[in-house]
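Observations on the model geometry
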Amino acid sequence: MKETVKVTINDKEVEVPREYTILNAAVEAGIKIPTLCHLDLHDLKMVNRTASCRVCMVEVEQRPNLAPACATPVNDGMVIRTDSLRAIRARRMAVELLLSNHPTDCLICQRNLRCELQALAKELNVREIKYTGKRNKYHLDTSSQAVIKNQDKCILCRRCETACNEIQTCGILSALNRGFDTIVGPAFNLPMAETSCTYCGQCVAVCPTAALTEVFHTHKVWEELHKPDKYVVVQVAPAIRVALGELFGMEPGTIVTGKLAAALRRMGFDQVYDTEFGADVTIMEEAKELIHRLENGGRLPMLTSCCPAWVSFIEHQFPDMVDVPSTCKSPHIMFGTIAKTYLAEKMGIDPKKMVVVSVMPCVTKKAEAARTELSIDDNDNVDIVITTRELGDMLKEAGIDFDKLPDEDFDHPLGESTGAATIFGTTGGVIEAAMRTAYEWITGETLEKVDFKQLRGMKGIREATVDLKGQEIKIGIAHGLGNARQMLEDIRNGKSEFHAIEIMACPGGCIGGGGQPYHYGNDEIVKKRQEAIYKEDERKSIRKSHENPEVIKLYEEYLGEPYYGERAHNLLHTKFEAKERI
Amino acid sequence: MPEELRVKGKNNNEKPIPKEHYEELERYIDSLPSLEGRLIQVLHRAQDIFGYLPRDVQLFIARRLGLAGAKVNGVVTFYTYFTEEPRGEYVINICTGTACFVKGGNKLLEEFENKLKVSVGDTTEDRKFTLKDVRCVGACGLAPLVVINDKVYGRVKPEEVEGILSEYRQEVLQ
């Protein structure tokens, strides 16, 4: 039995487990204590408990000083007051002090109305900038293709540091210097572009202010859309359709696929396509590559390569293992390649005049699209990447009433997709999709039950065996780069006996991506997106990638045999290289 | 890359680091029974060996201890004892704690700055002297106080500064 203690908060007695903090106990008692630096993502086992912001100060009887509720453990008989004048004033003063060294350009800030500091200032009734004094002024770090670091807006909560070090184990961000000179940055305060950052964007996802954001490209998209000689096609990742609704006040997990297609058309895109088509093509290539490796004694396990943050992670952190991942390009890059070759040819459009825009739940895809090897004759496979959040901003800017839009379909021929492609958006999805196809290709039989439930879930590292009529395929799944690191170390030490491994850098997979609507510490939202993904999969009439009629046609008309065909191989595969680690 | 982003760029005074220094540090790290929780200890030793903790040495330590470079740099920049800049042969610490300040510690500091032609925190071009200020060394009875390497000078008057410095300058000539 769990040991419990009794505490009294604002005259209300509650019995709570001994290991609780005052904050946990207050939640149990239905009493709200404001927090800022604190972040507890239960599913990811990420807790940021630096107690650095002092916004959760409460009075504890028989203690002379106020205590930070987020980091003070309860004990039996503790008497706590959160509503005394002293506590209320102390909490407000903590915010006033933060504001004394924080820019007050809220009106034009990227996080306007989405900023946790701003929300707190309102909640605690801050009405004046009480303290004026020395302010820090740093240079904006715009060195990378994906993440902007604005130290002036940092409140030193260190959530980013926790995400970067404990969840992702990348170790890029750390607190540097001390006292008033403290900053959070890479070693030697190097520009982000000179570090081994994977740009997974989890720091952006947890930052309460605009200290860390994506690189914004909305203006670029508008410009291209209004150039008369450009043919602008857009593709949307699977994870967008289960998250975008949140930006328009819908319940997390609302599926908005139809409205999404309609909205993009209203924005003026010439063709509105689906990255899921690219995902189906990815499965054609990846499943074939896996079979090739299995049959020819190739490098095993084979790792998925859909996630560019994960690819960058292996290049920097495990340079001796860059031959392990599948050589497949990621789905949106495959899509871009097909659009600028097959589609352009079919429609008689000069590929140089075609602009491919990807809407991604992801920050690092911005950096991926800029990789020079992902281009044909200096023409990038994908030209511009925007996040789910940026798309939401653009729709609002364009005055599109998202709620009232009708459900529309994607354009064809690159708009058809299967349920297998939909589940690319969640951890476990890519490998399940690959198994649906590999099963039929290896056994030559029809797979009746397409759900591989043993591959699903939210556990950070999962293992399962898929029985392909006598041939057992051992599958590993990891999401979050810390879990990926563990998998890779097991492979390196010969401890891992998997045939295939799926890795996604973001916790939960793309549904929890760094470019998704902010979850503000509520990880239930990510779970709801996952449920929605599987619901969408079930709704699809075709649920195996190799049965997508438009994909079949693409291979027949253009690519040849999956993986082996000359065009398939040249266009859809890439290579990875070892990189320096800082 | 915008140059101004590099808050702490490579120092002009920096000279190539001898290979033997790395070997000595390597031997020290190898002699440790475990590497867990040893960062500060290793940094101390490294600063003894190299005289300061340049970027490459910090990254070397990070690799050897299996830590992120940013973490190592975070610790180095947190503690004032550690320095990323090469220090002079003699480190002059002028106390500017309360007692020394009242007794004219700041005037003493100014005098040292003028005589050495460097600002506090900097090192002379010949890498002979580094001028620093400290907040109280716990010998207030001797205020104002100057500590040069391990030698303590008490009740120092500004007019004595030149004489003190010449002791160390003399040493070179001898």
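Rules and cut-offs
- Residues numbered from 1 in each chain as written.
- Chains lettered and ligands numbered in written order.
- Predicted model: local features only at pLDDT ≥ 70, side-chain atom pairs only at ≥ 80, totals over all residues.
- Heavy atoms only, no water.
- UniProt positions renumbered as here; feature names shortened; annotations may be inferred.
- Helix = DSSP H or I, 4+ residues; strand = E, 2+ residues; numbered from the N terminus.
- Buried < 20%, exposed > 50% of the residue type's maximum accessible area, 1.4 Å probe, protein only.
- Areas by Shrake-Rupley, 256 points an atom, 1.4 Å probe, with all protein chains shown as cover.
- Contact = heavy atoms within 4.5 Å.
- Buried area = accessible area lost by both parts, 1.4 Å probe.
- Salt bridge = Lys/Arg side-chain N within 4 Å of Asp/Glu carboxyl O.
- Polar contact = N/O pair within 3.5 Å; in protein donor to acceptor, adjacent residues only side chain to side chain.
- Nonpolar A, V, L, I, M, F, W, Y, C, P; charged D, E, K, R; others polar.

Under the annotation held in an unreviewed UniProt entry, chain B carries the name NAD(P)-dependent iron-only hydrogenase diaphorase component iron-sulfur protein and is attributed to Anaerovirgula multivorans. In the Sequence similarities (unreviewed entry) part of its UniProt record, chain B is described as follows: "Belongs to the complex I 24 kDa subunit family."

With an unreviewed UniProt entry as reference, chain A is termed NAD(P)-dependent iron-only hydrogenase catalytic subunit, source organism Anaerovirgula multivorans.

Turning our attention to the overall build of chain B. Of the regular secondary structure elements, chain B holds seven helices and four strands. Listing the helices and strands of chain B from first to last along the sequence gives α-α-α-α-β-α-α-β-β-β-α. Each of the 174 residues in chain B was classed as buried or not, and the buried ones make up 42%. Only carbon and sulfur atoms are counted for the fraction: they give 50% of the accessible area of chain B, which is about 9,700 Å².

Right, let's get into the UniProt feature "binding site: [2Fe-2S] cluster" (unreviewed entry) in chain B. Residues and elements named next belong to chain B. With numbering aligned to this structure, UniProt lists the feature "binding site: [2Fe-2S] cluster" (unreviewed entry) at Cys-95, Cys-100, Cys-136 and Cys-140. These annotated residues cover 46 residues of sequence, but their C-alpha atoms sit close together, with the largest distance between any two at 9.4 Å. Examined against the element boundaries, Cys-95 turns out to sit in strand β1 (residues 90-95). Accessibility expressed as a relative area gives 3% for Cys-95, which makes it buried. Those residues in contact with Cys-95 that lie beyond four places of it in its chain are Cys-100, Gly-105, Val-134, Arg-135, Cys-136, Val-137 and Leu-145. Mapped onto the elements of the fold, Cys-100 is located in helix α5 (residues 98-102). Those residues in contact with Cys-100 that sit more than four places away from it in its chain are Cys-95, Gly-105, Ala-143, Pro-144 and Leu-145.

With that out of the way, let us pick up the interface of chain A and chain B. Counting from both sides, the interface comprises 25 residues of chain A and, opposite them, 22 residues of chain B. Taken together, both faces of the contact between chain A and chain B bury some 1,900 Å²; the carbon and sulfur share is 58%. Linking chain A with chain B are one salt bridge, by the criterion used here. Here Glu161(A) ties to Lys71(B) by a salt bridge, and the two come within 2.7 Å at their closest N and O atoms. Summed over the shared surface of chain A and chain B, the result is five residue pairs in polar contact (both at pLDDT 80 or more). When contributions to the side of chain A that touches chain B are tallied by element, the ones reaching two or more residues are α4 (159-167) and β9 (174-176) of chain A. Counted by class, the side of chain A that touches chain B contains 12 nonpolar, eight polar and five charged residues.

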